[in-house]
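# Structure at a glance
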Amino acid sequence: MRVFGAVDIGASGGRVVAGLIDGDRVELDVVHRFRNGATERDGHLRWNLTGLYEQVLTGLRALARAYPQVESIGIDTWAVDYGLLDTDGRLLAEPVSYRDGRTTEAVERVHRRVPHDVLYGINGLQFLPFNTVYQLEAEKHGPLWERAAHVVLLPDLIAYQLTGQLRTEATNASTTGLLDLRTGTWSTHLLDRLDITPTLLPPVQQPGEVRGALRPSIVRDTGLPATTTVTTVGSHDTASAVVALPAASHRFAYVSSGTWSLVGVELSAPVLTEAARQANFTNEGGVDGRTRFLRNVGGLWLLQECLRTWGARLDPLLAEAETLPAGGPVVDVDDVAFIPPGDMPDRITAAVTAMGQDPPRTRAATVRCVLDSLATAYARTATQAGELAEVDVDVIHIVGGGSRNDLLCQLTADLSGRQVTAGPVEATALGNVLIQARAHGAVPSSLEEIRARLASTQPIRRFTPSPA
Ligand code: ADP
Ligand code: LRH
């Protein structure tokens, strides 16, 4: 048996996982879990990266105790956010979250210098107010910019702390808005137009390449073997999740369903048409140079924030929501009003009322409204992705935490009229492990072979559209 470690940190929680490769089978053993979330600090909504790094070390110690033969570690997190390092490699501040409102004016400033259609032609990205390109424009007017020597995406920051090596992983780089889709490197044109010194951005590295050996201090602290390397994986969590789809053919769409829902198809080349731009579809970089043609639609964040406001647990509310009739109100889960943290049930009530409909009167009805709304968006976006990219979609693969939500999966099957598969829940960690394993010769080389194996070895649940 060969063992690869995955550090997978989502916006709502992280885990350190052992990926066990034994012949055709891959199994995950989660050795450490921890919570995540952004909190207000020094006037901004920030991640506690220092705390997350401590959790990573705790997880790596547990990994070394349970699996002393671990060969390599891969790191992925959510996209777009970054930290600033000074010339000595010190973190200047805890990273600001993409949910912070600092980019409102920055968006206009960027578009004045580079109109959105020109930006789209270079970076192929869906407009989201938190794309790194807008965050950096806001940062340039902040107090730290003068002292910043490196702008480092979050998985690369953790890799730097573990290895001392500074690079930017390619799939995550593609979410910044500063990468030129055609060359796969930083766009000198955009950096120039936006006054960003090119040396601030570490060079781009592809998944599958070795980032570096662990620092001796990390080897001593964690008990990991000195031979353990950090291997670059699809460090954008969604890129790793797409690696681990249980796909048996090419005719699939996917939903990576967690804090966000990423809905789309996989292509061999970007679609940069005006129709794709108008529909706000993104061409993010996938592993092996694939294109993740998708749309970031609102996600389970809406539920997470309802539960936080109520101080309630999900399971009983889900069971009750399942008994409620179909045909209730549906909100636009992409509404920017849902992006910041706060009283989500009130915002949902306001959105339904604004449409002239009866707002949900109970907690379970609010949960049902969120799930009806998400499933509607999943079905519509999967269909639209297929149309824009000319892919015949006959199955939708739902992976991530949302794949545990039976009601959401069944509603997606009903509303799309397509077969839906659910799982793996930990697709991101699996994709992370598999790209390391492939780099070290432990699994086959094509994504298609990897996925076919997953389809036949992972526990996948199936949902068929109800006749009604
Ligand atoms: P992220 O990586 O963005 O932090 P995850 O993929 O871990 O997100 O998904 C978290 C979400 O998964 C939760 O917000 C919750 O809605 C959903 N989830 C987790 N466990 C369950 C469960 N047992 N039943 C239904 N939904 C679940
Ligand atoms: C999902 C995700 C998504 C991004 C968002 C910021 O975790 O990485 O792909 O759009 O977070």
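All values derive from a computational prediction rather than experimental measurement. (Residues numbered from 1 in each chain as written. Chains lettered and ligands numbered in written order. Predicted model: local features only at pLDDT ≥ 70, side-chain atom pairs only at ≥ 80, totals over all residues.)

According to UniProt, the feature "domain: Carbohydrate kinase FGGY C-terminal" (unreviewed entry) maps to residues 253-439 in the numbering used here. Across residues 253-439, the secondary structure splits into 46% helix and 17% strand, with the terminal C-alpha atoms separated by 26 Å. (UniProt positions renumbered as here; feature names shortened; annotations may be inferred. Helix = DSSP H or I, 4+ residues; strand = E, 2+ residues; numbered from the N terminus.)

In the vicinity of ligand 1 there are 15 residues, among which Gly10, Ser12, Gly258, Thr259 and Gly401 approach most closely. In terms of residue class, the shell around ligand 1 is made up of four nonpolar, ten polar and one charged. A domain-level breakdown of the shell around ligand 1 finds at least three residues from each of domain 1 (2-235) and domain 2 (247-423). (Near = placed C-beta within 6 Å. Nonpolar A, V, L, I, M, F, W, Y, C, P; charged D, E, K, R; others polar. Domains from an automatic or database assignment.)

Another point: the sheet that holds strand 3 (residues 25-35). In space, the six strands of this open sheet follow the order 3-2-1-6-14-13, with mixed pairing throughout. In this open sheet, the two edge strands, each paired with only one partner strand, are strand 3 and strand 13 (210-213). Across the sheet, the mean angle from the axis of one strand to that of its neighbour is 25 degrees, orientation sign disregarded. Pairing analysis gives two bridges linking strand 6 (residues 72-77) to strand 14 (residues 229-231), with the strands arranged parallel. Bridge assignment links Ile73 to a residue of strand 14, and that residue is Val230. (Pairing = 2+ DSSP bridges. Axes fitted to C-alpha atoms, helices over the stretch in contact; angles between N-to-C directions.)

Another point: the domain arrangement of the protein chain. In terms of domain boundaries, the protein chain breaks down into domain 1 (2-235) and domain 2 (247-423). Taking only C-alpha atoms into account, the centre of domain 1 sits 25 Å from that of domain 2. If you look at the interface, domain 1 gives 21 residues, while domain 2 gives 20 residues. Where the side of domain 1 that touches domain 2 is concerned, the elements lending two or more residues are helix 3 (116-123) and helix 6 (170-173). Broken down by element, the residue count for the side of domain 1 that touches domain 2 peaks at three residues, all from helix 3. A per-class count over the side of domain 1 that touches domain 2 returns nine nonpolar, ten polar and two charged. (Contact = placed C-beta atoms within 7 Å.)

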